[in-house]
Amino acid sequence: ISVKRTVLKIVDKDKMLGGDKVKDYGFEINIKNNLLAAIDIIVEDQVPVSTDKDIKVELKNKDKAEFKEQTGYLIWKIKLPAKETKKLNFNYEVQHPKDKQLALK
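Here the structure is a predicted model, which is why all the values come from computation and not from measurement.

K.L.:
Sorry if this is basic, but what is going on with the packing of aromatic side chains here?
P.N.:
Here a ring pair, both rings aromatic, is described through the centre-centre distance and the interplanar angle of the planes. If you walk through the whole model with that rule in mind, you get four aromatic pairs. Ring geometry for F27 and F90: centres 5.2 Å apart, planes at 25°, overall stacked. Of this pair, F27 sits in strand β2 (residues 20-32) while F90 sits in strand β7 (residues 85-97); the two residues are 63 residues apart in sequence, bridging distant segments of the chain. One exposure class covers both F27 and F90, and it is buried. Seen from their ring centres, F27 and Y92 are 6.1 Å apart, and the 20° between their planes marks the pair as stacked. One end of the pair, F27, is in strand β2; the other, Y92, is in strand β7, with 65 residues separating them in the sequence. Through pairs of rings, three or more aromatic residues link up here, namely Y25, F27, W76, F90 and Y92. In this structure, R5 packs its charged tip against the face of F27, placed 4.1 Å from the ring centre.

K.L.:
Can you help me understand a nonpolar patch on the surface in this one?
P.N.:
On the surface, I1, V3 and L35 cluster together into a nonpolar patch covering about 270 Å² of accessible area. In this structure, L35 sits in the loop between β2 and β3 (39-46).

K.L.:
Please clarify how the pattern of salt bridges should be interpreted in this entry.
P.N.:
Proximity of charged atoms lets side chains of opposite charge pair with each other. Scanning the entire structure with this criterion turns up five salt bridges. Where D40 meets K79, a salt bridge forms, and the shortest distance between an N and an O atom there is 3.6 Å. Of this pair, D40 sits in strand β3 while K79 sits in strand β6 (residues 73-80), and the two are 39 residues apart along the sequence. K79 gets classed as exposed once you look at its relative accessible area, which sits at 58%. Residues E66 and K68 are paired through a salt bridge, measuring 3.0 Å at the closest nitrogen-oxygen approach. With relative accessibility at 37%, the residue K68 sits in the partly exposed group.

Thresholds, definitions, all that
Residues numbered from 1 in each chain as written. Predicted model: local features only at pLDDT ≥ 70, side-chain atom pairs only at ≥ 80, totals over all residues. Heavy atoms only, no water. Phe/Tyr/Trp six-rings, centres within 6.5 Å; stacked < 30°, edge-to-face > 60°. Helix = DSSP H or I, 4+ residues; strand = E, 2+ residues; numbered from the N terminus. Buried < 20%, exposed > 50% of the residue type's maximum accessible area, 1.4 Å probe, protein only. Lys NZ or Arg CZ within 6 Å of the ring centre and 35° of its normal. Patch = residues over 30% accessible without salt bridge, like charges linked within 9 Å, V, L, I, M, F, W, Y side chains within 5 Å. Areas by Shrake-Rupley, 256 points an atom, 1.4 Å probe, with all protein chains shown as cover. Salt bridge = Lys/Arg side-chain N within 4 Å of Asp/Glu carboxyl O.

Remember, this is a structural readout, not a statement about activity or role.
Here you go:
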């Protein structure tokens, strides 16, 4: 089984009202079953969770994942046939004051 996570986009834009910055992050996860039998697999990823009231994180697309808001976990439960590939996508938006630096990648 091979799994590859790729950054699709990071879009940085200034918001007109309030002087906040907004960054959009997008990711793709490719899962390939190299086995000769079907598998059941659980794939987990995470979006950031803010503890600062000035920083807002909004999940925009979760591609049928179960989302645990308290932890930011995304959980996909997949049945993947033999020799098949599955692509999962998710993206989120982070809004923060211009004067705050974020350590996100």
